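Residue-level listing of the chains:
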Amino acid sequence: MRVLSTLFAISLNTFREAVRNKVLYSLLFFAVVVIVGSLAFGALSVAEEARLTTDLGLAGMSLFSVIIAIFVGVNLVYKELERKTVYSIIPKPVHRYQFVVGKFFGMMITLAVQLAVMTAVLLVVLGLQGAPLGGAVPKMIVLILFEVMVVTAVAVFFSSFSTPFLSGLFTAGVFVVGRSVPDIQRAAGKIQHTGLGALLKTVTRVVPDLRFFYVSGAETALGHVSVHGAFPDWGYVATAGGYAVLYATLALMLASLLFSRRDFV
Amino acid sequence: MSGESVPALLTEHLAKTYVLGFFRRKVRAITDVTLRVEPGEIFGLLGPNGAGKTTTLKVLLGLVRRSSGAAELLGRPVGDIRAKRRLGYLPESPYFYDYLTGRELLTFMAKLFGLSRAEGRRRAEQLLGRVGLSGSAGLALRRYSKGMLQRIGIAQALINDPELVILDEPLTGLDPLGRKDLRELIAELRGQGKTVVLSSHILSDVELLADRVAIIVKGRTVNTGPLTELLDARVVSTEVVVAGAEEGLASALSDGGHGVQRIGDAVRITISGEGEIDAVIDRVRREGASVQSVTPRKESLEDLVVRMTREAE
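### What to know about the overall build of chain A
Part 1: Summing up its helical and strand segments, chain A has 11 helices and two strands in all.
Part 2: Going from the N terminus to the C terminus, chain A shows its helices and strands as α-α-α-α-α-α-α-α-α-α-β-β-α.
Part 3: Computed over its C-alpha atoms, the radius of gyration of chain A comes to 20 Å, within 12% of the 18 Å expected for a compact globule of 265 residues.
Part 4: Taken along the three principal axes of its C-alpha coordinates, chain A extends 60 × 50 × 35 Å.
Part 5: Counting all 265 residues of chain A, 42% fall into the buried class.
Part 6: Pairs at least 24 residues apart make up 79% of the contacts formed inside chain A by residues separated by at least 6 positions.

### Some thoughts on the overall build of chain B
Part 1: Within chain B, the secondary structure is distributed over 11 helices and 14 strands.
Part 2: Along the three orthogonal principal directions, the C-alpha set of chain B runs to about 75 × 50 × 45 Å.
Part 3: Counting the 313 residues in chain B, one finds 39% classified as buried.
Part 4: Pairs at least 24 residues apart make up 69% of the contacts formed inside chain B by residues separated by at least 6 positions.

### Overview of the confidence of the model for chain B
All names here are of chain B.
Part 1: On average, residues of chain B carry a pLDDT of 90, and 99% of them reach 70 or more.
Part 2: Looking across chain B, the model is least confident in helix α11 (residues 301-312), with a mean pLDDT of 81, and most confident in helix α3 (residues 102-112), with 97.
Part 3: At the level of chain-chain contacts, confidence expressed as ipTM amounts to 0.85, with global pTM at 0.85.

### Some points on the packing of helix α7 (residues 136-159) of chain A against helix α8 (residues 164-179) of chain A
Residues and elements named next belong to chain A.
Part 1: Close contact between α7 and α8 brings their axes to 9 Å; oriented N to C, the two are set at 145 degrees. The element α7 and its partner α8 pack so that their crossing is right-handed. Residues Val151, Val154, Ala155, Phe158 and Ser159 of α7 form the contact with α8, whose own contacting residues are Pro164, Ser167, Phe170, Thr171, Val174 and Phe175.

### Let's talk about the interface of chain A and chain B
Note: interface size is frequently given as the accessible area lost on complex formation between the parts.
Part 1: Opposite the 20 residues of chain A that make contact, chain B presents 25 residues.
Part 2: Broken down by secondary-structure element, the contributors of at least two residues to the side of chain A that touches chain B are α1 (2-19) and α5 (86-89) of chain A.
Part 3: Looking at which element gives the most residues to the side of chain A that touches chain B, the answer is α1 of chain A, with six residues.

### Focus on the pairing of strand β7 (residues 164-168) of chain B
Residue and element names in this part refer to chain B.
Part 1: Along β7, five of the five residues are buried, which leaves the element largely enclosed by surrounding structure.
Part 2: Along β7, one buried face is formed by Leu164, Ile166 and Asp168 and the opposite face, lined by Val165 and Leu167, is buried too.
Part 3: At this point the chain moves from β7, through helix α6 (residues 176-191), to the parallel strand β8 (residues 195-199), and the crossover so formed is right-handed.

### Points about the domain arrangement of chain B
All names here are of chain B.
Part 1: By the assigned domains, chain B splits into domain 1 (9-230) and domain 2 (235-312).
Part 2: With centres defined by C-alpha atoms, the gap from domain 1 to domain 2 works out at 39 Å.
Part 3: Facing 13 residues of domain 1, the contacting portion of domain 2 comprises eight residues.
Part 4: Mapped onto the side of domain 1 that touches domain 2, the elements with two or more residues apiece are α7 (203-209), β9 (212-217), β10 (220-226) and α8 (227-230).
Part 5: Of the residues belonging to the side of domain 1 that touches domain 2, the class tally is nine nonpolar, two polar and two charged.

### Here we look at α7 of chain A
Part 1: Taking 1.5 Å of rise per residue, the 24 residues of α7 of chain A would be expected to cover 34 Å, and the 34 Å separating its terminal C-alpha atoms lies within 8% of that figure.
Part 2: Counting buried residues along α7 of chain A, 21 of its 24 residues qualify, which places the element largely inside the surrounding structure.

### Description of the environment of Asp211 of chain B
Residues and elements named next belong to chain B.
Part 1: As for its placement among the helices and strands, Asp211 is situated in the loop between α7 and β9.
Part 2: For Asp211, a count of 16 C-beta atoms within 10 Å translates into the label partly exposed.
Part 3: Through-space distance from the C-alpha of Asp211 to that of Gly44 is 7.8 Å; in sequence the pair is 167 residues apart.

### Comments concerning the pairing of strand β12 (residues 259-263) of chain B
Part 1: Taken together, the five bridges between β12 of chain B and strand β13 (residues 266-271) of chain B define a ladder with antiparallel strand orientation. Paired with Gln261 of chain B across the strands is Arg268 of chain B, a residue of β13 of chain B.

### A look at unusual backbone geometry
Residues and elements named next belong to chain B.
Part 1: Positive phi outside glycine occurs at His13, with the angle close to 50 degrees.
Part 2: With respect to the helices and strands, the residue His13 is situated in strand β1 (residues 9-20).
Part 3: According to the C-beta neighbour criterion, His13 is partly exposed, with 15 such atoms within 10 Å.
Part 4: Phi at Arg24 takes a positive value of approximately 50 degrees, unusual for a residue other than glycine.
Part 5: Within the secondary structure, Arg24 sits in the loop between β1 and β2 (25-37).
Part 6: Classification of Arg24 as exposed rests on a count of 7 C-beta atoms within 10 Å.

### Structural notes on the nonpolar core
Part 1: Core analysis: the biggest nonpolar cluster contains 142 residues, and Val150, Ala153 and Val156 of chain A together with Leu198 of chain B have the highest contact counts within it.
Part 2: Top element by residues in this core is α7 of chain A. It accounts for 17 residues.
Part 3: Taken together, domain 1 (9-230) and domain 2 (235-312) of chain B each give at least three residues to this core, which thus spans both.
Part 4: If you look at the next biggest cluster of nonpolar residues, it comprises 10 residues, including Val242, Leu249, Leu253 and Ile269 of chain B.

### Looking at the sheet that holds β12 of chain B
Residues and elements named next belong to chain B.
Part 1: In spatial order, the strands read β12-β13-β11-β14; together these four strands make up an open sheet with antiparallel pairing. Only two strands of the sheet have a single neighbouring strand rather than two, namely β12 and β14 (290-298). Going across the sheet, the axis of each strand differs from the next one's by a mean of 20 degrees, ignoring polarity.
Part 2: Lying over the sheet, helix α9 (residues 247-255) contacts β12 and β13, oriented at roughly 150 degrees with respect to β12.

### Considering the packing of helix α6 (residues 96-128) of chain A against α7 of chain A
Helices that pack against each other are described as a pair by the angle of their axes relative to one another and the distance between those axes.
Residue and element names in this part refer to chain A.
Part 1: Across the interface, α6 lies against α7 with an axial gap of 10 Å and an inter-helix angle of 145 degrees. Read as a crossing pair, α6 and α7 show a hand that is right-handed. In this structure, α6 uses Val100, Phe104, Met107, Met108, Leu111, Ala112, Leu115 and Thr119 to contact α7, whose residues at the interface are Ile141, Ile144, Leu145, Val148, Met149, Thr152, Ala153 and Val156.
Part 2: For the contact of α6 with α7, the residue count by class is 14 nonpolar, two polar and no charged.

### Side note on the environment of Ala112 of chain A
Part 1: Along the chain, the position of Ala112 of chain A falls in helix α6.
Part 2: C-alpha of Ala112 of chain A to C-alpha of Asp263 of chain A: the two residues are 151 residues apart in sequence and 33 Å apart in space.

### Here's the deal with α6 of chain A
Part 1: For α6 of chain A, built from 33 residues, the straight-helix expectation of 48 Å at 1.5 Å per residue is met to within 8% by its first-to-last C-alpha distance of 48 Å.
Part 2: Just past α6 of chain A, the residue Gly130 of chain A takes up positive phi, approximately 70 degrees.

Criteria and thresholds
Residues numbered from 1 in each chain as written. Chains lettered and ligands numbered in written order. Predicted model: local features only at pLDDT ≥ 70, side-chain atom pairs only at ≥ 80, totals over all residues. Helix = DSSP H or I, 4+ residues; strand = E, 2+ residues; numbered from the N terminus. Rg over C-alpha atoms; globule rule 2.2 N^0.38 Å. Buried ≥ 20, exposed ≤ 12 C-beta atoms within 10 Å, placed from the backbone. Contact = placed C-beta atoms within 7 Å. pLDDT = per-residue confidence, 0-100. Axes fitted to C-alpha atoms, helices over the stretch in contact; angles between N-to-C directions. Left-handed = near helix turned anticlockwise from the far one by under 90°. Right-handed = clockwise from strand over helix to strand, strands pointing away. Domains from an automatic or database assignment. Nonpolar A, V, L, I, M, F, W, Y, C, P; charged D, E, K, R; others polar. Expected span 1.5 Å × (residues − 1). Pairing = 2+ DSSP bridges. Core = buried A, V, L, I, M, F, W, Y, C linked by C-beta atoms within 7 Å.

Below, the structure written as structure tokens:
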């Protein structure tokens, strides 16, 4: 129980920090502007306005959640070292892994709340357009949360041994590559007997497959996937969640290991 | 071993070498620190800047890993969670989450110790009152002055009612009243049977508080013991304050190898040898000046640290 209460205390404190951070409000404001702005784009396309609003809204929510995850995630641990606040926490009865995992959970609470706010705005916008809410939208939002979980864990991993600038670059790189895993796999298949082919294959095995989460618009074994048409069921969402939890756990274990070996000079 | 109490803090030949930068440059911060602090005592950790005091404390608190040697807190190896539960620590120049209020910081720290919400709040209010911050408890820490941050730092170090309190430069940033308050608080802790380890460069305060001290120079403990044993009991110099001394007299005494310092209309003469006191006083009187005071000076803690540092160098 004590392990959990310590984790909860650190998570709550991280959430409190985010709530009092003005920069995050700016990012959330921009995300809301994009979602509301999709109304204007929707108006340009008379027959498809709800469809366009949904697409732009979900894309905006995904993009801004990832930006927030990278921006805050890479600073999560580093800021504690930079501001020396870690000096007053580590001598307390706190394991170093609890510190890393607690910070991560706090960040996830923050991202979930922000996603909830963006979802509420999207639902209001869709309601104003009188669009029916399909079952695919809630699934897509849950998948966005899972994707953000993986990106945050990757950001925390890099920030456990690198500067925020480099961690940001690495995490953004992982995000771009992760979203392109099926394309890279196809390219690797075409040049499989070359060194580059082997390298690309290795990269796709290490980097998280983020197309697993952002499936709308993708061609899968089920055919063309779209929030407006055929969309995977909740079983798929649960599998994706399992993958996200597994990948995030591995990334956090590595981050905790690196963090536990650090000297706070 | 039977009959011996478990030391509150123990290090044996503790050493730490930092490996820094891309080229893995090695910097030896401490080379041989051996300390034994008994339960219930106030222990001063002294030494010049860069001697290794803070690194020693960081090893003990699990902030840096030791390179060699042994270190224990309350009979348990460094980093043991059970020992940490009985420990309070004030870092040097404390940095806390500046978006929290003083009260929020204390209740957050209480949660890390597993205190219930009600107990955490009770302890927080009690300590806020004790360090004189009840009126500023709802203010964000970013609005606190340096002295207020030091006070809230002391409060958070005591939130778990610890058996062992480690204070790294606790008097820094405090005004004279704050220093007096803190001295009283440390004396109270001693009265409650707690062990206090005090690292400070404000030696006059340590001299007033500490039962025993250790002096660290260049990463090594050069001396440890009770102040009464370490300080030289002999008179090391005598200060004679003289009024109405002409410039010629002051120059002559200075040329004679005595320390001469003008303070307003008076002149303070520091005489090193006991045999020369009468001669100086006779001369002062002959020249028409008057002796206002004669004060024998024994070795102070500051003198001791300076002496040890010079000897070690």
